[in-house]
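Here is how the chains run, residue by residue.
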Amino acid sequence: MSKLCWTCLSRLFLKYYDYIFPEYDDLYCKYCFVYGQDWAPTAGLEEGISQITSKSQDARRALVWNFPIDVTFKSTNPYGWPQIVLSVYGPDVFGNDVVRGYGAVHVPLSPGRHKKTIPMFVPESTSKLQKFTSWFMGRRPEYTDPKVVAQGEGREVTRVRSQGFVTLLFNVVTKDMRKLGYDTGPPDTQGVSGPSPPQGLPR
Amino acid sequence: MKSKEEKVKIISEEFIDDGEDAEEERQKKPLKIPRQKRKKQLPTASREEMVLENSPVDDQQEPVQKGPDTRLLGMTSRRGPRSLPPIPSASRTGFAEFSMRERMREKLQAARSKAESALLQEIPTPRPRRLRSPTEKESETEFGTELDREVQRTQQDHDSQGHSRVKFHDSVRKIKSKPPVPPGFPSAEEAYNFFTFNFDPEPEESEEKPKAKNRHGANREEKEGEEEEPPVQEGDEEEWLDGKDVEDLLLGLDHTAEDFVAVRPADYQSVHVRLQKEKELLFVPSRRTVPTYKKLPENVQPRYLEDEGLYIGARPEVPRTNQNIMENRLLTQEPGRRWFGDDGRILALPNPIKPVPSRPPMLTQEQDIKAELETLYKKAVKYIHRSQHLIGSGDAPGNFQLDIDISGLIFTHHPCFSREHVLAAKLAQLYDQYLARRQRNKAKFLTDKLHALRSAVQMGLNPAKTPKTLETTPKTINEYKSEIRQTRKLRDAEQEKDRTLLKTIIKVWKEMKSLREFQRFTNTPLKLVLRKEKVDQKADEEAYEAEIQAEINELLEEHTEEYEQRMEVYRVTLQQWKAWKKAQRAKKKKKKQEAEEHPADEEREEPGPGEEPEKPAPPEPVDRAVIEQQVRERAAQSRRRPGEPTLVPELSLAGSVTPNDQCPRVEVMRREDIKRRSLFLKVTFNNKEVSRTESRPLGADFRVHFGQIFNLQIFNWPESLTLQVYETVGHSGTTLLAEVFLPIPETTVVSGRAPIEEVEFSSNQHVTLDHEGVGSGVPFSFEADGGNQLILMTSGKVSNSVAWAIGENGIPLIPPLSQQNIGFRSALKRADAISSIGTSGLTDMKKLAKWAAESKLDPNDPSNGPLMQLISVATSGESYIPDFFRLEQLQQEFNFVSDEELNRSKRFRLLLLRSQEVPEFRHYKQIPLYDREIMEKVFQDYEKRLRDRNVIETKDHIDTHRATVAKYLQQVRESVINRFLIAKHHFLLSDLVVEEEVPNISILGLSLFKLAEQKRPLRPRRKGRKKVTAQNLSDGDIKLLVNIIRAYDIPVRKPTASKFHQTSRSSRTFTEKHAASPTTHSPAHSADYPLGQVLVRPFVEVSFQRTICHTTTAEGPNPSWNEELELPFRAPNGDYSTGSLQSVKDDVFINIFDEVLYDVLEDDRERGSGIHTRIERHWLGCVKIPFSTIYFQARFDSQEDEKLLQATEKFRAECALKFPNRQCLTTVVDVSGKTVFVTRYLKPLNPPQELLDAYPNNPQATAELVARYVSLIPFLPDTVSFAGVCDLWSTSDQFLDLLAGDEEEHAVLLCNYFLSMGKKAWLVTGNAIPEGPTAYVLTREQSHYLIWNPCSGHFYGQFDTFCPLKSVSCLIGPDNIWFNIQQYDSPLRINFDVTKPKLWKSFFSRSLPYPGLSSVQPEELIYQRTDKVAAAELQDRIEKILKEKIMDWRPRHLTRWNRYCTSMLRHFLPLLERNQEDVEDDHRAELLKQLGDYRFSGFPLHMPYSEVKPLIEAVYSTGVHNIDAPNVEFALAVYVHPYPRNVLSVWIYVASLIRNR
C-alpha cells in the first residue's frame, strides 16, 4: 500500500440548514459524502441524518436545522474532491414521508468559512397519471441512490423539478496542501483555531 | 407683526444684493443659513398662530378695494425674494422682455383674484363676517374664527399650497423677530396682504413639502411656474456673472440653489451658430460625382483593363449616389488613393452571385422522384465474430473497384418515333445547342474584345496619352490590328451562326406546328415560345451605325494598307519592268507595239515578277462606297436589324399530349407498341459481361431511367468498358441495339467526384413499322408527296458516370499504374492542357505551369481560376500546403507536458489506466502522490498480460489445444467485458429513479385484496429479503450463511470379511451418488451388518475463502444436522460494487467426511484408565458451489428482430406476472454479445459415430453414453468467465471447440444429440440444487419422461425424488417455448404434456405463428479422433505432477508410494471407465485379495479434463495427504480416456494404505 503523504483535512460544520420550502414543514435531512477513489475519511461520520425541524414562527418561515457535521478526509489526489449530497425528506399531506429535494455541492476548496446555498430538486414522474398516483400513494419517484446527484453519468435520462434551497455553512481547514503543491487560497495558517463560535440566524 | 416687517427687511436686503456685486453675496450667506434652519421648524408652528393668521384673510377677500394694492405688493414681493430686479444692465434679457412678463403677470393676477371673488360670492354665510374690517379682529369671537377657518378650508381647494406657505411664513416671522424694524415700512395690513399673496415667489423654495402634501393647486402652480421662469433665469445669469469668485459660489451653491435658482430654461443657440459649430464637427460627404483625375495619382490616365481584353467580371451593383458618397468620403478621409483601381473606380471584386442556381435539376416526372427517394433494402450480413480473434485476414491484394453509375438513357431517335417526335428531337437538339451557345455568348465576348482592341489601338495611336508604352506602340498596334481583323471575322461568323440557329429553330417549330395541325393530335409536350425583347430603337440604330462605320473605317484602312503594299510592289515591278523594257526596247525595238498591249491584260492580275515581265498595272484605289456596300450587306445578313426586337426562344414541356381516345388508330398502335418495349443495359468489362441493369419499360418520352450503380470488383486494368443496349419487344427475344464504349476513368476520378456524362450511341438496325412510328434506317418523308426523304438511324444517349471507388481507409481502389497500358497521346495542342501534356502531366506542376505560360491563359478568367491557383502554389515553391488538416488544433496548447513525459510518469500512467477502467487498476485506491512512491511491480501484472496476449502459454495447460482455447476464451471475455463496460454507462430511467408503476386493475385489485388479508397468517410465506444497497459496506459486514440440514444415503463403511477394521470407501462423490438410478443404492441398507453398528459418522465441512467451518458429527447414513454455519465474506479489494462481487471466483466447498476413531492404544493394560484414539477423517464427497451462483444478476442486451423481441418482452411480462419465481427464458446472448432467440440453438446434431457404434442394439445405453460424453466436456460457468456481465450461450460447435461451457451449453448439445437420435427432447430450464438456475434435458421415452443432467450425464425418472432438478419453469423445443403455468413446478408434480395449453403456455401460437427462425447451429458437427498417444503422455504427466504435489503437501513426513498397489489401480481404472458402476464389487474383492494385510482407504476421482489445476485441487480436497500415521503408504493412479474431439475423461485413484499389524 502506498504511503499516504498528505492530508487534506476538511472540517466542515453544517451550522444550519436554512431550507425554504413554501409549504413544507417538519423536514429532516440526510447527508452523505461522495468522493473519489483516492480519498478516505479519517474521522467523523460520512453519512448521517438530521433531526426533524419545523418552520420558524417569524416572518421568514425558514426551516433551521443547525445540524453540525464534522468530517475529516485525507487524500493523495485532488481528483474526486468530496461532495456533500443532501436529501431532504418530510411528510406529505397524507403523512407519508416523501423526498423533498436532492442537492449536492463540492466541499469548498479553500480553507475558511464558506456559505453555500444549494438549489434542491426532485425527480419528476414520467407521466401525469403516475404523478397523480405517486402523490396519492405517497410514493414519489426517488433516486435509487442519492449519490447519483453528485455525478453526471446517467442523469440525462431523468427529469427533475427544483424546489427550495438549503444553505450550508462550511468551516474548512486544510493541511499540507501548499506543501504538496496545491495552492487553494489563503496561506495555511498554523493552528487554525477550530470553527468559530456558533452563530445565530443569518441576516 | 414684527415678523412681517422682518420679511420685508429681508426683501430690502435682497434688493440691495441685486444691485451689488458678488461681495454682497457673501454677506447674504450667513443670513440664509439660519433661515434654512428656521424652515425646518415649520411643523412646530402653533395652532394659536394659525388662528391669528386666519383673521387677516378677510382683508384679502375684498379684491375690489384692496386689489390693486395687493397686486402691487404681491408683485414686488414675488420678485423680492428672488432678488432679481430686471433693471441692472448686466441682465441679458432686455427690458422689453421684462415688461412683457410684467404684463402677463398682472393679467394673471387679475384673473386669479377675479376667480377668487367669484368663488367667495358663491358662499353666502361667511361673507358678512369677512366683510368686517380687520380692526375688529381683536374682538372676534371663537365662533367667528371657526367660521373663518371653515372658509379657509373651502378655499384650500384652490389655495392649499398657499395655506401651507402662510403657515411657513408665520413661523419665519415669529422667529425672525430679532432684527429691529426699520421705520417707514408698510403697515401691518399691507404686509399681511403681501404675505398672504406671497405664495407665488416661493413654490420652488418649499417645493418638496407642499407637493407631497397636496397637489390640488397644480393648475395654478403651472401658471406660476410659467410666470416665474424669467426671474429664475435672471438669477442664474446673475450667478453666472459671479464667476470670479467660484469658491464662494460653490460654497453657497446649496442654498443659493434652493433660494434663488429654481427652474432654468433650455439653453438656446441660434440655428446659425449651431450650423456653424456643426460644420466644424461634422462632415457630410458630397453626392456629386468625383472627377476621375482626383482619384488617380497625378498625371496618370485611367486604364481600363476590360478594354485591354482582360477579364474583369461584373461588379456588384451599387447605386451611383452611394458610390459617389463613398468616393468622396474616402478621398477626404484617406488622401492615399489605395482604394481606387487603375480605372479610377473603387476596387471591387466581381459579383460572386451566380446567375443560375447550382441546385441539381429535379426531374419533373413524378415517378422519377419516387424512384430517387425509394429506400433500398440491403440484406444484413452477419458479422463473423470469431475470425476477429482466431484468423486475421487482410484484404487480398489486387482488389480494386470501379463504380459505374448508369442513370438513364434517352433516345434521340427510335423506330417508334412518330414524325412529330422526329421534329421534337430535332427541336430539342437545336434548342440545347442554342442554350449552350447562349451560355457561352461568344458573339458578345468577341464584340467586347473587338471594342477593347479598338480603343487600345486608338490609345496607342495617341501617344500623348500613354507615354509609358511609347516604345512598344508600333509593334503592339500592328498586333492589335491583326487581332482586330481576326476577331471581327470570328465575331461575324458567330453572329451568323447564332442567327441561322435561331432561324432553324423557328423553322422546325413551324414545321412541327403544321404537322400537329395536319395530323390533328399532339404527341409531344414540347412547346416553343418566342419572347420578344424590345430594344431602344434609337440607341440601337446608333450602335449599329457606329459599328458599321467602325468596320468600314477599319476595312478602309486595311484596304488602304493593302493598296499601299500593292502600290509598293507595283512600283518595284514597274521599275523592273521599265528596266527590262529598256533593255527590251534596246533589243527589240520593233516589237514595241506588241509589248504595249500586254500590260493591259496584266493590270487585272496581281502584279508580280513574271517570267516574262509585263508591265504592271497600278492597283485599284480603295473605294469607300464599295466597302460600305459590302459591310452593310454582310451586316444585314448576319446581324439583327436595328430596332428589331431580340427573339428569345423558350422551349417548355408545357404542352399537352392528346389522349389516346382522340388519336387515330395508327397512332394508338404506336403508343401501344412503345408500352410493349423495355430496355436494359449490359455492362461488359474487358468483353465479359459482368452485370446488367434491370429491364425498364420505355417511356412515352423515350427516356429510360435506370439509376443503378454497379461496383465492379476487378483485378486487372480495364481494357475496355462497354454498355450494351438491349431492347425487348413484348415477350419476344431481345435485340442488341447498340454498344456504348465508356472511357476508362483517369486515376484522379474517384467516386463522388465523377460528373454524369452523356455518351451517344447509334444503331444500324433497320426497322419498318406498320403504325405511325417512322422506323429506323428506312426513308420517310414529312411531305404528302413523299419527297424530301429522310433516313434516320436509331440513336440515343446514355448518361452515366464511371469512377474509381474509394476504400474504407479513404484510398482509392485503383490498380497501380504499372498495370495500365499507357496509350498513345495526341500531338501537342495548345488549347487543351490535358491533351498537350498528358494526364500524368497534370500532376507535374512544372509542366503545367509551362504550358499555362505558353498558352497565355487569361489569369483573371474564373474558369481558369483553380488552375492558376494550383500553378501559383506549385511554382512558388515557398508556400507549403499541407496535404492534411488537423483535428483539435488547439490540443497542443493544453498539453502541459509532452506525451513522452506523461507516459514516463508512473503516477499519470496509473491515473490514466484507472480512468480507462483497466481491470487491474479499476479499483485502485489512493494512488500515491509522488512517482517515487509507486512500486514498479504495480504494473507488472498488467504488462505481463499485455505481453502474453498473443503468446500461447502451454506450461499451465500441458495440452496445446486447451491452451489455445483458454487464450481465446480470455479474448472473448475481454471483448465482451469491454462491450458491457460501455453498456454499463448507458442508464435507463429505472436505473436511476425508483418510481411506482402505473397501477393497473390487477395491482389495484391485489392491493384491495391485501386489505382483507390476515395480518398474521397461520402459514406465513417467506418474504424476500430486502436488498441491501452496497453503499457503506466494509469487510466483515457480509456473511455467508450455509444451512446444513441433512444428508441422505451416505455410503457406509463396509467391513471386510476377515478383519474387524472397517474400510471406508466411496466410489462416488456426493453428487454422483444421486446419479445412479435409485435401485443401485439399495445395497447400502442391506441387513448384512449388525444392527446398531455405527457404520458412518459423517460431518460436513464448509470452506470458503480459506475459512473452514464444520458441523458436529452425526451418526448413520442419513444424518440430520440442521446447523447454520457462518462464514465471513471479503470482497476483492474491499470493493462491494455489483460488478466486483460478480467477479468473485471463489467457490464454496461443502465436503462431507467420515470421522473414524482409531484406538491407538497399543497396550491393553491401560484400557481401563484411558482411551487414546486417533481421529481420522475420510473424505466422502464434495459439493462445489461457485459464489457466482449465490450472487447472480443477469443483464441482457437486445438485437433480434424487433417484432420478435416485442413478443418476447410481452411473453416474459405475462409469465412474470403470474409466476414471478419462474424464470422465463426466451432470448439469450451469443458469443458476440447479441441477443438470439433461444430456439435457434436447438437443432438435431449428430453425435460422434464412435459412440453410436458402441452399443448398436441398445438405444438406452447409447443415450447414456452420449450423455456421458457431453458430461465429459469441462464445466465453466459463464458468470465466472464473463464476470458480472451476462450469461453467454455458445453454439454447439463453438462449445466443442472451446471444450468449456456451463449447463446451458451442455444441455443444448445433449438435447441436439437426442434430437438427432430420434428422441423427443426438450431443454428444461429451472432450478436445481447445486447449480441454481440451470438447464436440463427432458426426453420422452415410450411411456415416461427422463430428466438428464447434462453436466454429470446422469438421468432420473420423472418421479425420482433424488432428481436434483427441483423446479421446472420452461420447456424449449426447436420450434417453440412452453412456459409452465401449472400450480406446481416440481417435476414430481407436473405434467410434461406440452400439448395442453392449460398447463403449458406456448410462445408461438396461432396468434403468433412460428416464423421459421434459422438455426445458429452448424449443419453438422465434425469429429476427429483424439490422439491416443498424446492422451497416454498426458496421463503420465498428470500422474507425475500429482505425486509431486502430494509429496509437497506432506513436508514433515515421508511419503512412500506403494508401487504394487499403484499398478493394480492403474489396471483397474480403465475398467471403471468402461463400465462405470458395475465393477465395484469385483474391484473391491480383488483389492482385498491383493492387499491382504493393508488397511486400504481410497477412492477413484473422476472428472472431465480441462487443465491440471482442478485435478490438483480435487486431490487436495480429499485430504488424503493429511493422514499422518507413521507407516502410511500411498497409491496414485491416473487414467486418461480419450473421446472424440479431444474430450478427455480423467480418472484418478488415490489411496492410502496402512499396514495392519
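Residues numbered from 1 in each chain as written. Chains lettered and ligands numbered in written order. Predicted model: local features only at pLDDT ≥ 70, side-chain atom pairs only at ≥ 80, totals over all residues. Heavy atoms only, no water.

(A) Structural detail: the pattern of salt bridges. Counting across every chain of the model gives 28 salt bridges over all chains. For Arg914 of chain B, the salt bridge is made with Asp38 of chain A, and the minimal N-O distance between the two is 2.7 Å. Here Arg914 of chain B is found in helix α30 (residues 906-915), whereas its partner Asp38 of chain A is found in the loop between β2 (28-34) and β3 (39-43) on a different chain. In this structure, Arg491 of chain B and Asp492 of chain B form a salt bridge, with 3.2 Å as the shortest nitrogen-oxygen distance. The exposure classification of Arg491 of chain B matches that of Asp492 of chain B, with both residues buried. Ionic contacts of the salt-bridge type, sharing partners, join the residues Asp673, Arg676, Arg677 and Glu727 of chain B into one network. (Salt bridge = Lys/Arg side-chain N within 4 Å of Asp/Glu carboxyl O. Helix = DSSP H or I, 4+ residues; strand = E, 2+ residues; numbered from the N terminus. Buried < 20%, exposed > 50% of the residue type's maximum accessible area, 1.4 Å probe, protein only.)

(B) Molecular detail of the packing of helix α40 (residues 1259-1271) of chain B against helix α43 (residues 1303-1316) of chain B. All names here are of chain B. Between α40 and α43, the shortest axis-to-axis distance is 10 Å and the interhelical angle comes to 155°. Compared by their axis directions, α40 and α43 come out roughly antiparallel. The chirality of how α40 crosses α43 is right-handed. Contact with α40, carried on its side by Ala1263, Val1266, Ala1267, Tyr1269, Val1270 and Ser1271, involves His1306, Leu1309, Leu1310, Tyr1313 and Phe1314 of α43 and no other residues of that element. Within the contact of α40 with α43, the residues separate by chemical class into nine nonpolar, two polar and no charged. (Axes fitted to C-alpha atoms, helices over the stretch in contact; angles between N-to-C directions. Parallel < 35°, antiparallel > 145°, perpendicular 65-115°, else oblique. Left-handed = near helix turned anticlockwise from the far one by under 90°. Contact = heavy atoms within 4.5 Å. Nonpolar A, V, L, I, M, F, W, Y, C, P; charged D, E, K, R; others polar.)

(C) Just the packing of aromatic side chains, in detail. Per the counting criterion, the structure on display carries 34 aromatic pairs over all chains. Centroid distance Phe1403 of chain B to Phe1404 of chain B: 4.8 Å. Interplanar angle 90°. Geometry classified as edge-to-face. Here the two residues Phe1403 of chain B and Phe1404 of chain B agree in accessibility, since each one is buried. Ring pairs connect the aromatic residues Tyr31, Phe33, Tyr35, Trp39, Phe67, Phe73 and Trp81 of chain A, which therefore count as one cluster. Positioned above the aromatic ring of Phe939 of chain B is the side chain of Arg909 of chain B, whose terminal nitrogen or guanidinium carbon lies 4.5 Å from the ring centre. Sitting above the plane of the Trp1457 of chain B ring, Lys1443 of chain B keeps its charged end 5.3 Å from the centroid. (Phe/Tyr/Trp six-rings, centres within 6.5 Å; stacked < 30°, edge-to-face > 60°. Lys NZ or Arg CZ within 6 Å of the ring centre and 35° of its normal.)

(D) Region of the structure containing the sheet that holds strand β33 (residues 1456-1457) of chain B. Residues and elements named next belong to chain B. The strand order β33-β35-β36-β34 describes an open sheet built from four strands, whose pairing is mixed. This sheet does not close on itself; its edge strands, each paired only once, are β33 and β34 (1494-1504). Here β33 runs beside strand β35 (residues 1528-1539); their pairing, made up of two bridges, is parallel. Following the sheet pairing, Arg1456 is matched in β35 by Glu1529. Its contacts with the sheet place helix α45 (residues 1459-1474) against β33, β34, β35 and β36 (1543-1555), and it is angled at close to 30° to β35. Contacting β34 and β36, helix α47 (residues 1508-1518) crosses the sheet at an angle of about 150° to β34. (Pairing = 2+ DSSP bridges.)

(E) Looking closely at the UniProt feature "coiled-coil region" (unreviewed entry) in chain B. With numbering aligned to this structure, UniProt lists the feature "coiled-coil region" (unreviewed entry) at residues 538-573 of chain B. Between the end C-alpha atoms of residues 538-573 of chain B there is a gap of 51 Å, over a span that is 100% helix and 0% strand. (UniProt positions renumbered as here; feature names shortened; annotations may be inferred.)

(F) Local environment of a nonpolar patch on the surface. A surface patch of nonpolar side chains, amounting to about 640 Å² of accessible area, comprises Val93, Phe94, Phe132, Trp135, Phe136 and Met137 of chain A. Of note, Met137 of chain A is situated in helix α1 (residues 128-137). (Patch = residues over 30% accessible without salt bridge, like charges linked within 9 Å, V, L, I, M, F, W, Y side chains within 5 Å. Areas by Shrake-Rupley, 256 points an atom, 1.4 Å probe, with all protein chains shown as cover.)

(G) Spotlight on the nonpolar core. Residues and elements named next belong to chain B. Grouped together as the largest cluster of nonpolar side chains are 52 residues, with contacts concentrated most on Tyr1313 and Leu1323. The greatest single-element share of this core, amounting to eight residues, is contributed by α43. Each residue touching Tyr1313, except ones within four places of it in the same chain, is listed here: Leu1245, Asn1246, Pro1247, Pro1248, Val1266, Tyr1269, Val1270, Leu1296, Leu1421 and Tyr1423. If you look at the next biggest cluster of nonpolar residues, it comprises 37 residues, including Phe400, Cys416, Ile714 and Val725. (Core = buried A, V, L, I, M, F, W, Y, C linked by side-chain atoms within 4.5 Å.)

(H) Spatial organisation of the sheet that holds strand β1 (residues 400-413) of chain B. All names here are of chain B. Pairing within the open sheet is antiparallel, and its four strands lie in the order β7-β1-β13-β10. On the outer flanks of this sheet lie β7 (703-714) and β10 (757-762), each paired with one strand and no other. Ignoring which end each strand starts from, the neighbouring axes of this sheet average 25° apart. Inspection of the sheet shows β1 paired to strand β13 (residues 795-804) by 10 bridges, in the antiparallel sense. Its bridge partner being in β13, Gly408 is matched across the sheet by Ser799.

(I) Region of the structure containing the environment of Ile674 of chain B. All names here are of chain B. For Ile674, the position within the fold is in helix α24 (residues 665-676). Taking the C-alpha atoms as reference points, Ile674 and Gly699, separated by 25 residues in sequence, lie 7.3 Å from one another. With residues near it in sequence (within four places) discarded, Ile674 still touches Cys416, Leu698, Gly699, Ala700 and Phe702.

(J) Fine view of the interface of chain A and chain B. Opposite the 41 residues of chain A that make contact, chain B presents 29 residues. Between chain A and chain B the total buried area reaches about 2,900 Å² when both faces are included, carbon and sulfur atoms providing 52% of it. Three residues stand out in chain A for area buried against chain B, namely Gln37, Thr144 and Glu153 of chain A, and they jointly supply 20% of the buried area on that side. Linking chain A with chain B are one salt bridge. Across the chain A-chain B interface, the total number found is 11 residue pairs in polar contact (both at pLDDT 80 or more). Where the side of chain A that touches chain B is concerned, the elements lending two or more residues are β3, β6 (72-75), α1 and β10 (142-143) of chain A. Counting residues per element, the side of chain A that touches chain B draws most heavily on α1 of chain A, at three residues. For the side of chain A that touches chain B, a count of residues per class yields 16 nonpolar, 12 polar and 13 charged. Pairing of β10 of chain A with strand β14 (residues 993-994) of chain B, which is carried by two bridges, proceeds in the antiparallel orientation. (Buried area = accessible area lost by both parts, 1.4 Å probe. Polar contact = N/O pair within 3.5 Å; in protein donor to acceptor, adjacent residues only side chain to side chain.)

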